[in-house]
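Here is how the chains run, residue by residue.
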Amino acid sequence: MKTFQCVCGNTLHFENTGCLACGRTLGFLPDHGTLSALEPAAEAGWRALHPAADNRVYRMCKNYKEESVCNWMVSAEEPQSLCRACRLNHIIPNLSEERNRVLWYRIEVAKRRLLYTLYALGLPVTGRDEEPDRGILFEFLSDPKDAHGFAADVGQNRRVLTGHRSGLITINVAEADSSAREEMREQMNELYRTLLGHFRHEIGHYYWDRLVRGTGWIENFRSLFGDERQDYEQALQRYYSDGAPLDWRQSFVSAYGTSHPWEDWAETWAHYLHMVDTLETAHDFGFAIQGRPLQPPAAALREQQLAAAPETTSTSFEQIIGDWGALTVALNAVNRSMGLPDVYPFVLSPRTIEKLRFVHQIIAGAIRKS
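Read on for an overview of the structure. Remember, predicted model here, so these are calculated numbers, not experimental data.

1. Let's talk about the packing of helix H2 (residues 98–121) against helix H4 (residues 195–211)
Look at H2 against H4: their axes get within 9 Å of each other, and the N-to-C directions meet at 50 degrees. Looking at the two axes, H2 sits oblique to H4. Judged by the sense of rotation from one axis to the other, the crossing of H2 with H4 is right-handed. Residues Arg106, Ile107, Ala110, Lys111, Arg113, Leu114, Thr117 and Leu118 of H2 lie in contact with H4, whose contacting residues are Leu195, Leu196, Phe199, Arg200, Ile203 and Tyr207. Each residue belonging to the contact of H2 with H4 can be placed in one class, and the counts come to nine nonpolar, one polar and four charged.

2. So, the environment of Arg134
Note on placement: Arg134 falls in the loop between H2 and strand E9 (137–141). When the C-alpha positions of Arg134 and Arg165 are compared, they lie 9.7 Å apart, and in sequence the two are 31 residues distant. For Arg134, the contacting residues outside a window of four places in its chain are Arg128, Tyr206 and Arg210. Polar contacts involving the side chain of Arg134 include one to the side chain of Glu131, which spans 3.0 Å.

3. A look at the packing of aromatic side chains
Under the definition given, this model contains 24 aromatic pairs. Centroid distance Trp324 to Tyr344: 5.1 Å. Interplanar angle 85 degrees. Geometry classified as edge-to-face. Taken together, the positions of Trp324 in helix H9 (residues 312–337) and Tyr344 in the loop between H9 and helix H10 (350–369) put the pair 20 residues apart, joining distant regions of the chain. By relative accessible area, which is 5% here, Trp324 ends up buried. The rings of Tyr206, Tyr207, Trp208, Trp217, Phe221, Phe225, Tyr232, Trp262, Trp265, Trp269 and Phe358 are connected pair by pair, giving a single aromatic cluster. Sitting above the plane of the Tyr119 ring, Arg84 keeps its charged end 5.6 Å from the centroid. The cationic tip of Lys355 hangs over the ring face of Phe252; the distance from NZ or CZ to the ring centre is 4.1 Å.

4. Regarding a nonpolar patch on the surface
Judged by side-chain polarity, Val334, Met338 and Leu340 come together as a nonpolar surface patch covering roughly 310 Å² of accessible area. With respect to the helices and strands, the residue Leu340 is situated in the loop between H9 and H10.

5. Some points on the state of the cysteines
Applying the stated criterion across every chain yields a total of zero disulfides. Cysteine Cys86 remains unbridged, with the sulfur of Cys61 as its closest cysteine sulfur at 3.7 Å.

Analysis parameters
Residues numbered from 1 in each chain as written. Predicted model: local features only at pLDDT ≥ 70, side-chain atom pairs only at ≥ 80, totals over all residues. Heavy atoms only, no water. Axes fitted to C-alpha atoms, helices over the stretch in contact; angles between N-to-C directions. Helix = DSSP H or I, 4+ residues; strand = E, 2+ residues; numbered from the N terminus. Parallel < 35°, antiparallel > 145°, perpendicular 65-115°, else oblique. Left-handed = near helix turned anticlockwise from the far one by under 90°. Contact = heavy atoms within 4.5 Å. Nonpolar A, V, L, I, M, F, W, Y, C, P; charged D, E, K, R; others polar. Polar contact = N/O pair within 3.5 Å; in protein donor to acceptor, adjacent residues only side chain to side chain. Phe/Tyr/Trp six-rings, centres within 6.5 Å; stacked < 30°, edge-to-face > 60°. Buried < 20%, exposed > 50% of the residue type's maximum accessible area, 1.4 Å probe, protein only. Lys NZ or Arg CZ within 6 Å of the ring centre and 35° of its normal. Patch = residues over 30% accessible without salt bridge, like charges linked within 9 Å, V, L, I, M, F, W, Y side chains within 5 Å. Areas by Shrake-Rupley, 256 points an atom, 1.4 Å probe, with all protein chains shown as cover. Salt bridge = Lys/Arg side-chain N within 4 Å of Asp/Glu carboxyl O. Disulfide = S-S within 2.5 Å.

Written out as structure tokens, the structure reads:
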């Protein structure tokens with residue numbers, strides 16, 4: 001995630017709604033991928049002051065104006081009251097419970113960060129209004145009041161399971177509660193568990209359906225990740241009862257990835273998005289490793305793939321994986337200097353790197369078709 005700049009010169013961050021230096025109202029312009037200072041315009045509209053917007057007039061998303069959980073804008077020419085991000089919502093948390101409003105805000109921040117990366121990578125992002133059968137749709141649900149503990153099975157009082165089904169992505173609202181999420185992480189013996197990570201994982205299932213299933217990539221997928229035609233429910237039950245193999249780190253980015261090829265793909269996809277977003281942040285802040293500046297991965301990938309030069313897929317991935325290795329070693333060293341756990345508690349094996357390379361190739365192919 002990069003930073004942005006107000007017309008007054010102040011640095012702005014993705015979630016900001018007002019400039020602390022000049023007091024101007026801010027709004028994210030999804031059609032330009034930037035956060036812009038605004039000034040009031042006619043008929044309750046807002047004129048965007050960012051040069052790329054060319055003085056275009058926008059309206060605040062309804063969830064920005066009325067609920068304060070969004071900061072995206074809607075072009076004045078569009079008839080919708082909700083922005084691109086909020087139009088993807090199917091069910092929001094029950095706002096009669098005051099705590100849910102705080103959790104919804106955190107969920108929306110993570111969701112919009114996900115969408116920012118998807119747009120930056122040039123991936124197709126469509127809702128059910130455009131594609132009724134396979135568009136993206138989000139629902140944010142709460143556990144029943146008498147649910148307790150982590151449950152992988154189904155039943156009348158089971159916990160809401162975060163998951164994906166044919167473009168419908170369900171997020172358990174409890175994942176936005178830091179203490180509850182940490183408790184789940186401990187119970188599941190995970191290296192880390194984040195709200196943004198859930199979004200990235202579940203959208204990975206969506207893009208497997210869209211970019212891999214039924215395409216020329218499927219045999220390459222099976223050679224790397226395994227045969228996804230094995231029974232999914234049985235594979236999950238086996239994982240929850242037996243756990244991951246002791247040597248899982250030799251081939252998988254996470255223990256959960258060993259449960260089924262679909263989960264291995266989703267975990268690898270999420271990890272790739274972690275990498276490109278973190279590297280963009282590091283580049284934006286001017287990070288350099290031993291005097292060598294880090295490169296912005298999404299921009300490099302898109303530029304190289306649009307050139308339609310086959311050899312650049314490997315070149316751009318080697319740049320990303322090389323920068324990632326150097327950056328994470330440095331970040332871990334900084335954390336250790338302060339007595340903190342490693343910010344990146346992973347070791348990428350050669351097999352895992354090949355899986356990440358495959359994700360990179362899939363995204364590059366999607367860019368060429370867009």
